[in-house]
Amino acid sequence: MQLPFMTWAESEAQIRKDPLVIVPIGSTEQHGPNGLIGTDALNAEAVAIAVGKATEAMVGPVVAIGMAQHHLAFSGSITLRPSTMIAFISDYVFSLARHGVRKFFFINGHGGNIAPLSAAFSEIYATASLDPSGQVPRVRCVQHNWYDQKSVRAYAAQAFGDRDGSHATAAEVSLTQHLFPDSIRRVNMPPVAKAHRRFTDAIDLRSLHPDGRIGSEPSLATPAHGKALFEAALADLSPALRAFRDEP
Ligand code: NI
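Calculation notes
- Residues numbered from 1 in each chain as written.
- Predicted model: local features only at pLDDT ≥ 70, side-chain atom pairs only at ≥ 80, totals over all residues.
- Heavy atoms only, no water.
- Axes fitted to C-alpha atoms, helices over the stretch in contact; angles between N-to-C directions.
- Helix = DSSP H or I, 4+ residues; strand = E, 2+ residues; numbered from the N terminus.
- Parallel < 35°, antiparallel > 145°, perpendicular 65-115°, else oblique.
- Left-handed = near helix turned anticlockwise from the far one by under 90°.
- Contact = heavy atoms within 4.5 Å.
- Nonpolar A, V, L, I, M, F, W, Y, C, P; charged D, E, K, R; others polar.
- Buried < 20%, exposed > 50% of the residue type's maximum accessible area, 1.4 Å probe, protein only.
- Pairing = 2+ DSSP bridges.
- Right-handed = clockwise from strand over helix to strand, strands pointing away.
- Phe/Tyr/Trp six-rings, centres within 6.5 Å; stacked < 30°, edge-to-face > 60°.
- Lys NZ or Arg CZ within 6 Å of the ring centre and 35° of its normal.

Asker: What am I meant to see in the packing of helix 2 (residues 39–55) against helix 8 (residues 223–246) here?
Answerer: For any two helices packed against each other, the geometry comes down to the angle between their axes and how far apart the axes lie. It is at 9 Å that the axes of helix 2 and helix 8 come closest, and there the two elements cross at 55 degrees. With respect to helix 8, the axis of helix 2 lies oblique. Note that helix 2 runs across helix 8; the crossing there is right-handed. Two secondary-structure elements touch here, helix 2 through Ala 46, Val 47, Ala 50, Val 51, Ala 54 and Thr 55 and helix 8 through Phe 230, Ala 233, Leu 234, Leu 237, Ser 238, Leu 241, Arg 242 and Arg 245. Grouping the amino acids of the contact of helix 2 with helix 8 by side-chain chemistry returns 10 nonpolar, two polar and two charged.

Below is the structure:
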């Protein structure tokens, strides 16, 4: 059940029954020669909706713009500053906390979100800790990267080896190809060059990785791999959500 498709009365009843929400969070950024700019948000949202269905949990609106400053030298990429993202996530969480939600299960599709999302959780907890009246709702937030799940990693390693890479990966491109077969791109690309150091800002990333791939061969992507990866993510995240829901 997805919050944008519910009425306020349905939201009220659902939160009373289960004060938990899944929050899909991704990014809008270049994904190499054949990857869609929406890859991270589209994947996170689809996985979140499936986990929500499997566990009868409510799914909040996708956070489709993340912390992607390092991709801004490529057309179409959009970023939040880390500080903006921390404020945004805090407002998202406290809005739903006002309605009674106490547990937030973030399903993340973008590595650049990990640090600011963790910082947002600290900001949220600090707001409660620093409130002497004890009126601030006390919530619990966790983040799970769909691509980091044990079964997903195992499948990607077996299917792509070290050619999966770390950005515009064969795995994430496969997942969008499975979800959106009408948007598959066939692009010839040379073998990817090895990075000799970690990038810093947007211009630096583009100079190190001129076509946007970071160590990946997304030409290996197929919808069939995407289907298997989707099922692997669902298999790991659904029990993780149930365990989080059951935590005292
Ligand atoms: Ni990505």
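Asker: Can you walk me through the pairing of strand 3 (residues 103–108) in this structure?
Answerer: Regular strands show a simple pattern: their side chains alternate between the two faces of the sheet. Along strand 3, six of the six residues are buried, which leaves the element largely enclosed by surrounding structure. Side chains of strand 3 alternate between two faces, with Lys 103, Phe 105 and Ile 107 and Phe 104, Phe 106 and Asn 108 buried alike. Alignment of strand 1 (residues 20–25) against strand 3, held across six bridges, turns out to be parallel. Within strand 3, the position partnered with Pro 24 by the bridge is Ile 107. Crossover handedness for the path strand 3 to helix 4 (residues 114–129) to strand 4 (residues 140–145): right-handed.

Asker: Explain the sheet that holds strand 1 to me, please; I cannot follow it from the model alone.
Answerer: Sheets are built from strands paired through backbone hydrogen bonds, the pairs being either parallel or antiparallel. Reading across from one edge, 2-1-3-4 is the order of the four strands in this open sheet, with parallel pairing throughout. Of all the strands in the sheet, just strand 2 (58–59) and strand 4 have a single pairing partner and so form its edges. Sheet topology places strand 1 next to strand 2; two bridges connect them, and they run parallel. Paired with Ile 22 across the bridge in strand 2 is Val 59. Across the sheet, helix 4 touches strand 1, strand 3 and strand 4, and the angle it forms with strand 4 is around 175 degrees. On top of the sheet, helix 8 reaches strand 1, strand 3 and strand 4; it is set at about 160 degrees to strand 3, its chief contact.

Asker: Whenever I open this one, the packing of aromatic side chains confuses me. Can you help?
Answerer: The description of an aromatic ring pair uses the distance of the two centres, along with the angle that the planes make with each other. Tallied over the full model, the rule gives four aromatic pairs. Where Phe 88 meets Tyr 92, the ring centres are 6.5 Å apart and the plane angle is 55 degrees; that geometry is what we call tilted. Residue Phe 88 and its partner Tyr 92 are both found in helix 3 (residues 82–98); the two are separated by four residues, about one turn of the helix. Owing to a relative accessible area of 40%, Phe 88 belongs among the partly exposed residues under this scheme. Look at Trp 146 and Tyr 147: their rings are 6.1 Å apart centre to centre, the planes differ by 85 degrees, and that puts the pair in the edge-to-face class. Each member of the pair, Trp 146 as well as Tyr 147, is classed as buried. The ring of Phe 244 is capped by Lys 103, whose NZ or CZ atom sits 5.6 Å from the centre of that ring. It is Arg 198 that lies over the ring of Phe 199; its NZ or CZ is 4.3 Å from the centre.

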